[in-house]
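Observations on chain architecture
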There are 2 protein chains.
Amino acid sequence: MAETGGLFGAEIRDEFQLSKELVHLNHGSFGSVPRSVYEARLERMKELEICPDDWFRYNFVLLVTKGSETVSKLIGSSSSENVVFVENATGGITAALRSLGLKMQSKAGLLVTGLSYEAIRHTAHKVCEIEGHFVLHTINLDPPYKDKFEVVQRYRDYLSSHSDVHVAIVDHITSPSTLLLPVKEIVSVCHEFGVAVIIDGAHAPGQVEINVEDINAEFYTGKSCSFFLYFIVNYVFGLKVISGT
Amino acid sequence: MAETGGLFGAEIRDEFQLSKELVHLNHGSFGSVPRSVYEARLERMKELEICPDDWFRYNFVLLVTKGSETVSKLIGSSSSENVVFVENATGGITAALRSLGLKMQSKAGLLVTGLSYEAIRHTAHKVCEIEGHFVLHTINLDPPYKDKFEVVQRYRDYLSSHSDVHVAIVDHITSPSTLLLPVKEIVSVCHEFGVAVIIDGAHAPGQVEINVEDINAEFYTGKSCSFFLYFIVNYVFGLKVISGT
């Protein structure tokens, strides 16, 4: 990020190999990487070919450690030990759900939204169906809202009347409806009701400032250089999931 | 494979970028790819950067289709529709186990061997523990054996006295003990007892000729250019797993 000096759009167009014949709009689905990242990747690939055994046993571990430190700083985590790399944001949500599921002693409500990304709704559905730890709930977040407090109020209303909800998956920026949700305030309401929160931040880093410690969700998954999953160590204290009640 | 003309060892040493300073022995854990494969990969990477949306939506699908046709021929599958790519051999076994697990109506025995790869034993253990579809069994395949028939006889003896076994995971070449198991004969005995078979062929393609239709296991996972999982479509007919009894 330092290398582009905070430039955007046409000013850093040449930093990408994207064809000049087209205007690439769909950065949400598929993207291009800066030339500096692309070239660093070629160097790593070459190193791997020269001595694969060394590379996977030693270099790789160092690179992952360095990478998690970099991401950790970008997202406001005080320790890189709370950050791991995952294959994609959906994989991050799955890892979070399955680690929570292991702690359940009885079935509990899992709350998604009507605007959740389709793959995440499928994942939530499958986790409920196959693993049997959760029962699926869906909150209606369809616009319009007057302001962000109305979204937060919908959560308060829903959780007031559904005390079996233990875990909520909340988008930071919804896809494809592109709404920026007030995640910090939603987490705060969820915690009032003892509900653990997993934030799907697939589209947020790079578009909005992220401070995972300020947001205070139990899990935050997103993409910044590479897909990551941030988690609060010992996150279950004080939340319903610890006792499964 | 055509390009190397069936050459091995020193004769195709230059086809790999491995350092001349070392003798790379551990091809089982980590490997290097031929220069032609490496260069083809660079071309695909470049194409992706130029137009990511097109690449993932169209080129990728064509490449995967072409790749599964190539792998299909290499492993003796009559249709490329029985071949999918997986992240690694362990991922292939997990996919097979979970798809079988979905068909179970009650708990059933899952048979691994004392020589199974450690990650596979962990996977089997976790599938038993978390998903609750299976109960873990372990057959002792420790050498010595007089001949391959003795290995097959151990399976016959085990299955005769453990009628609750429904699924067996069998290595083609064991790791790290490097025994070539008579998989075709083991599959045949398993089928006599109504047991579905998943072959872990992580180390087999390229070392021994593979003909998955001749082996006739319900699943075969291995590495050949890329990791793959072969499966028999509608494999459950006639086997215990269909009824869960």
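Residues numbered from 1 in each chain as written. Chains lettered and ligands numbered in written order. Predicted model: local features only at pLDDT ≥ 70, side-chain atom pairs only at ≥ 80, totals over all residues. Heavy atoms only, no water.

Some points on the overall build of chain A
Where we set the bar: The helix and strand labels rest on DSSP assignments: H or I over at least four residues marks a helix, E over at least two residues marks a strand, and numbering proceeds from the N terminus. Note on exposure labels: buried denotes an accessible area under 20% of the residue type's maximum, exposed denotes more than 50%, and partly exposed covers the range between, all computed with a 1.4 Å probe on protein chains only. Note on contacts: a residue pair is in contact if any heavy atoms of the two residues lie within 4.5 Å. Areas reported as accessible are Shrake-Rupley estimates using a 1.4 Å probe. Residue values count occlusion only from the protein chains shown.
Looking only at helices and strands, one finds seven helices and seven strands in chain A. Helices (α) and strands (β) of chain A occur, in sequence order from the N terminus, as α-α-β-α-β-α-β-α-β-α-β-α-β-β. Taken over 245 residues, chain A has a buried fraction of 42%. Across chain A, every contact between residues at least 6 apart in sequence was considered, and the portion connecting residues at least 24 apart equals 63%. Carbon together with sulfur atoms contributes 56% to the accessible area of chain A, which is approximately 12600 Å² in total.

Structural notes on the environment of Val165 of chain A
With respect to the secondary-structure elements, Val165 of chain A resides in strand S4 (residues 165–171). For the pair formed by Val165 of chain A and Cys190 of chain A, sequence separation is 25 residues and the distance between their alpha carbons is 9.5 Å.

Let's talk about helix H2 (residues 52–74) of chain B
Residue and element names in this part refer to chain B. Counted only if it meets this: To obtain the bend at a residue, axes are fitted to the seven residues ending there and to the seven starting there, and the angle between these axes is taken.
The largest bend in H2 comes to about 40°, at Asn59. Along H2, the residues that are buried comprise Pro52, Asp53, Trp55, Ser68, Val71 and Ser72. Contacts made by the buried residues of H2 are with helix H1 (35–50), strand S1 (83–85), strand S6 (219–224) and strand S7 (226–231). Two residues or fewer after H2 comes Gly76, characterised by a positive phi angle close to 80°.

Here we look at the confidence of the model for chain A
Test applied: Known as pLDDT, the predictor's confidence for each residue is given on a scale from 0 to 100.
Per-residue confidence for chain A gives a mean pLDDT of 87; residues scoring 70 or more make up 90%. Below a pLDDT of 50 lies the segment residues 241–245 of chain A, which in the model reaches 15 contacts outside its immediate sequence neighbourhood of four places, other chains included.

Section: the interface of chain A and chain B
Threshold: Joining two parts hides part of their accessible area as seen by a 1.4 Å probe, and the buried area is that hidden amount summed over both. When a carboxyl oxygen of Asp or Glu lies within 4 Å of a side-chain nitrogen of Lys or Arg, that pair is called a salt bridge. Polar contacts, as counted here, are pairs of nitrogen or oxygen atoms within 3.5 Å of one another; within protein the pair requires one atom able to donate a hydrogen and one able to accept it, and residues that are adjacent in sequence qualify only if both atoms are side-chain atoms.
Tallying the contact residues gives 29 residues for chain A and 29 residues for chain B. Around 2700 Å² of area is buried between chain A and chain B when both sides are counted, 58% of it from carbon and sulfur atoms. Considering only the surface of chain A that becomes buried against chain B, Phe30, Met45 and Glu49 of chain A emerge as the three largest contributors, covering 24% of it. In this assembly, chain A and chain B are joined by zero salt bridges. The interface formed by chain A and chain B holds twelve residue pairs in polar contact (both at pLDDT 80 or more) in total. At the level of secondary structure, the elements contributing two or more residues to the side of chain A that touches chain B comprise helix H1 (35–50), helix H2 (52–74) and helix H4 (118–131) of chain A.

Side note on the relation of the copies chain A and chain B
As a reminder of what qualifies: Overlaid copies result from least-squares superposition on C-alpha atoms, with residues included only where pLDDT is at least 70 in both.
Of the two same-sequence chains, chain A is brought onto chain B (RMSD 0.0 Å, axial shift 0.0 Å) by a rotation of 180°. Put plainly, the chains are arranged around a two-fold axis. Both copies share a contact surface, since 100% of the interface residues of chain A are interface residues in chain B too.

Quick word on the environment of Ala124 of chain B
All names here are of chain B. Mapping Ala124 onto the fold places it in helix H4 (residues 118–131). Residues Ala124 and Phe134, ten residues apart in the sequence, show an inter-C-alpha distance of 8.6 Å. For Ala124, the contacting residues outside a window of four places in its chain are Leu97, Leu110, Val112 and Leu136.

Notes on the sheet that holds S6 of chain B
All names here are of chain B. Worth spelling out the cut-off: For two strands to pair, DSSP has to find at least two bridges joining them. A fitted line through C-alpha atoms represents every axis, and for helices the fit uses only the stretch in contact; the resulting angles, taken between N-to-C directions, go from 0 to 180 degrees.
Judged by pairing direction, the sheet is mixed, and its seven strands sit side by side in the order S1-S7-S6-S5-S4-S2-S3 without closing on themselves. Each edge of the open sheet is held by one strand with a lone partner, namely S1 and strand S3 (134–139). Shown here is a sheet whose adjacent strand axes are inclined to one another by a mean of 20°, direction ignored. Summarising the sheet, S6 and S7 pair through six bridges and their orientation is antiparallel.

Points about the pairing of strand S6 (residues 219–224) of chain A
All names here are of chain A. For S6, a buried count of five out of six residues is recorded, marking the element as mostly surrounded by other parts of the structure. Bridge count for strand S5 (residues 196–201) against S6 is four bridges, and the pairing is parallel. Paired with Ile198 across the bridge in S6 is Phe219.

Observations concerning the packing of aromatic side chains
Rules: Ring pairs are drawn from Phe, Tyr and Trp, using the six-membered ring of Trp, whenever the two centres fall within 6.5 Å, and their geometry is named by plane angle: stacked under 30 degrees, edge-to-face over 60, tilted for the rest.
Inspection of every chain in the model, using the stated rule, returns ten aromatic pairs over all chains. Arranged with centres 4.6 Å apart and planes meeting at 15°, the rings of Phe30 of chain A and Phe56 of chain B form a pair that is stacked. Of this pair, Phe30 of chain A sits in the segment before H1 while Phe56 of chain B is found in helix H2, placing the two residues in two different chains. Ring geometry for Trp55 of chain B versus Phe56 of chain B: centroids 5.3 Å apart, planes at 85°, classification edge-to-face. Of the residues examined, Phe56 of chain B reaches a relative accessible area of 29% and is grouped as partly exposed. Feature note: the residues Phe30 of chain A together with Trp55, Phe56 and Phe60 of chain B constitute an aromatic cluster, connected by ring pairs.

Looking at unusual backbone geometry
Residues and elements named next belong to chain A. A cis amide bond links Pro143 to the next residue, Pro144, at an omega of 5°. Turning to its location among the elements, Pro144 is positioned in the loop between strand S3 (134–139) and helix H5 (148–161). One non-glycine residue with positive phi stands out, namely Asn216, at about 70°. With respect to the helices and strands, Asn216 occurs in the loop between helix H7 (212–215) and S6. Relative accessible area serves as the criterion here: at 36%, Asn216 is assigned to the partly exposed category.

Quick look at the side chain of Thr174 of chain A
Residues and elements named next belong to chain A. You can see Thr174 is positioned in the loop between S4 and helix H6 (183–192). By relative accessible area, Thr174 is classed as buried at 2%. A polar contact of 2.8 Å, which involves the side chain of Thr174, links it to the backbone nitrogen of Leu179. The residues contacting Thr174, other than those within four sequence positions of it, are Leu115, Leu179 and Leu181.

Re the pairing of strand S7 (residues 226–231) of chain A
Note that strand S1 (residues 83–85) of chain A and S7 of chain A share three bridges and pair antiparallel. The partner of Val83 of chain A across the bridge, within S7 of chain A, is Tyr230 of chain A.

Re the sheet that holds S3 of chain A
Residues and elements named next belong to chain A. Read across the sheet, seven strands follow the order S1-S7-S6-S5-S4-S2-S3 without closing on themselves; strand pairing throughout is mixed. Edge positions in the sheet fall to S1 and S3, since each has one partner strand and no second. Each neighbouring strand pair of the sheet contributes to a mean axis angle of 20°, computed without reference to strand direction. Where helix H3 (residues 89–101) meets the sheet, its contacts fall on strand S2 (108–113), S3, S4, S5, S6 and S7, and the angle it forms with S5 comes to roughly 170°. Contacts from H5 reach S2, S3 and S4 within the one sheet, and its direction differs from that of S3 by about 140°.

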